[in-house]
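Observations on chain architecture
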Amino acid sequence: MKNKYLNLIKNVAIFALGSIGSKLIVFFLVPLYTNYLSTEEYGIADLVFTIAQLVVPIVSLVIFDAVIRFGLEDSDHPEKVLRSGVIVWFIGSVIGLAVLPLTELYPSVGSWKWYLYFYIVLDPLLAIELNYLKIKNKNTFYAIICIIQTLFMAVFNIFFLVYLNWGIGGYLASSILAMLIAVIVAAILGNTVRDFHSAKTDTQLLKNMVKYSAPLIINNLAWWLMQSSNKILIEGIV
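Remember, it's a predicted structure, so these values are computed and weren't measured experimentally.

1. Quick word on the side chain of E129
You can see E129 is positioned in helix α6 (residues 113-135). Here E129 occupies a buried position and makes no salt bridge, while the nearest side chain of opposite charge, K136, is found at 11 Å. Sequence-distant contacts of E129, defined by excluding residues within four places in its chain, comprise A182, V183, A186, A187 and T192.

2. Re the pattern of salt bridges
Opposite charge on two side chains lets them pair, provided their charged atoms get close. Inspection of every chain in the model, using the stated rule, returns six salt bridges. Close ionic contact of E73 with R69 constitutes a salt bridge, the shortest N to O distance being 2.7 Å. Here R69 and E73 lie together in helix α3 (residues 63-73), a separation of four residues that amounts to about one turn. Taking the relative accessible area as the measure of exposure, E73 reaches 56% and is therefore exposed. Residue class for R69 comes out partly exposed when judged on its relative accessible area of 34%. With a closest N to O distance of 3.0 Å, E104 and K113 form a salt bridge. On the basis of relative accessibility, which here comes to 45%, the residue E104 falls in the partly exposed class. By relative accessible area, K113 is classed as partly exposed at 22%. Here the salt bridges share partners, and the residues they tie into one network are K136, R194 and D195.

3. Quick word on the confidence of the model for the protein chain
Averaged over all residues, the pLDDT of the protein chain equals 89, while 91% of them reach at least 70. By mean pLDDT, the top-scoring element of the protein chain is helix α10 (residues 203-213) (96), and the lowest-scoring one is helix α1 (residues 2-36) (70).

4. So, the packing of aromatic side chains
As enumerated under the stated definition, the model contains 14 aromatic pairs in all. Note on F159 and F160: the rings are 5.6 Å apart at their centroids and 55 degrees apart in plane angle, and the pair reads as tilted. Assessed through its relative accessible area of 7%, F160 is described here as buried. Ring-pair connections join several aromatic residues into one group, and the members of that group are Y33, Y42, F49, Y119 and Y171. One residue, R69, lies across the ring of F70, its end atom 4.5 Å from the ring centre. Its end group placed over the ring of F196, R83 keeps NZ or CZ at 4.5 Å from the ring centre.

5. Some thoughts on unusual backbone geometry
Backbone geometry at N165 places phi at a positive 55 degrees, although glycine is not the residue there. Following the sequence through the fold, N165 ends up in the loop between α7 (139-163) and α8 (168-190). The backbone phi angle of N191 is positive, close to 55 degrees, even though this residue is not glycine. Mapping N191 onto the fold places it in the loop between α8 and α9 (192-198).

6. Observations concerning the side chain of E79
Along the polypeptide, E79 turns up in helix α4 (residues 78-98). Within the buried set, E79 has no salt-bridge partner at all; the shortest N-O distance to an opposite charge, 6.9 Å, is to K80. The contacts of E79, once residues within four sequence positions are left out, are Y132, D195, S198 and A199.

Calculation rules
- Residues numbered from 1 in each chain as written.
- Predicted model: local features only at pLDDT ≥ 70, side-chain atom pairs only at ≥ 80, totals over all residues.
- Heavy atoms only, no water.
- Helix = DSSP H or I, 4+ residues; strand = E, 2+ residues; numbered from the N terminus.
- Buried < 20%, exposed > 50% of the residue type's maximum accessible area, 1.4 Å probe, protein only.
- Lys, Arg positive; Asp, Glu negative; His and termini not counted.
- Salt bridge = Lys/Arg side-chain N within 4 Å of Asp/Glu carboxyl O.
- Contact = heavy atoms within 4.5 Å.
- pLDDT = per-residue confidence, 0-100.
- Phe/Tyr/Trp six-rings, centres within 6.5 Å; stacked < 30°, edge-to-face > 60°.
- Lys NZ or Arg CZ within 6 Å of the ring centre and 35° of its normal.

What follows is the structure in structure tokens.
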């Protein structure tokens, strides 16, 4: 029992370190954004991420939540859960690419559609990998990856905004490239490529995971409506 509580405290401390460390880095980036991006530029960039956060749960079916739920339930064969999650992610990415031209209907975001698409693709993939690390009890790696992602985002922001003066494109590219690096590091530390190829597709497991995660889309959309929809409304009023 004592070891159980010690492990709980240790894991909480690790997750807190990853979260607080990342938030501190982001906090110190705010002056950089305010100096090198105009109010309009920052607003448009924020809109791109806001729309992306709306689309991610729809395209991904929130399968990353099913990965950790079923992975913890079947800890002896987590690679099968990983494979099912990645299959759903891949199908969603193809669908996202097919409907990408629809972004042209929203002029403020349409000009940055490829940044939007890569965010939609990378965000759920990273979530799948991070949850897989939790399943394999590699929580320290989870915290390290969170900090690595934020550090690279800071470095890319300084390079793209200060030295290259790329404006919105630099801001968006910084986040996406940092996320890509996090995906690669998570794949290495979690051996996700090896585990994906070693597992066989379990059709029944895949169906059960989708049945579990698909209803969560409504939950995610509800949170988006409460936290982010006002940005779209304000932009429309302006």
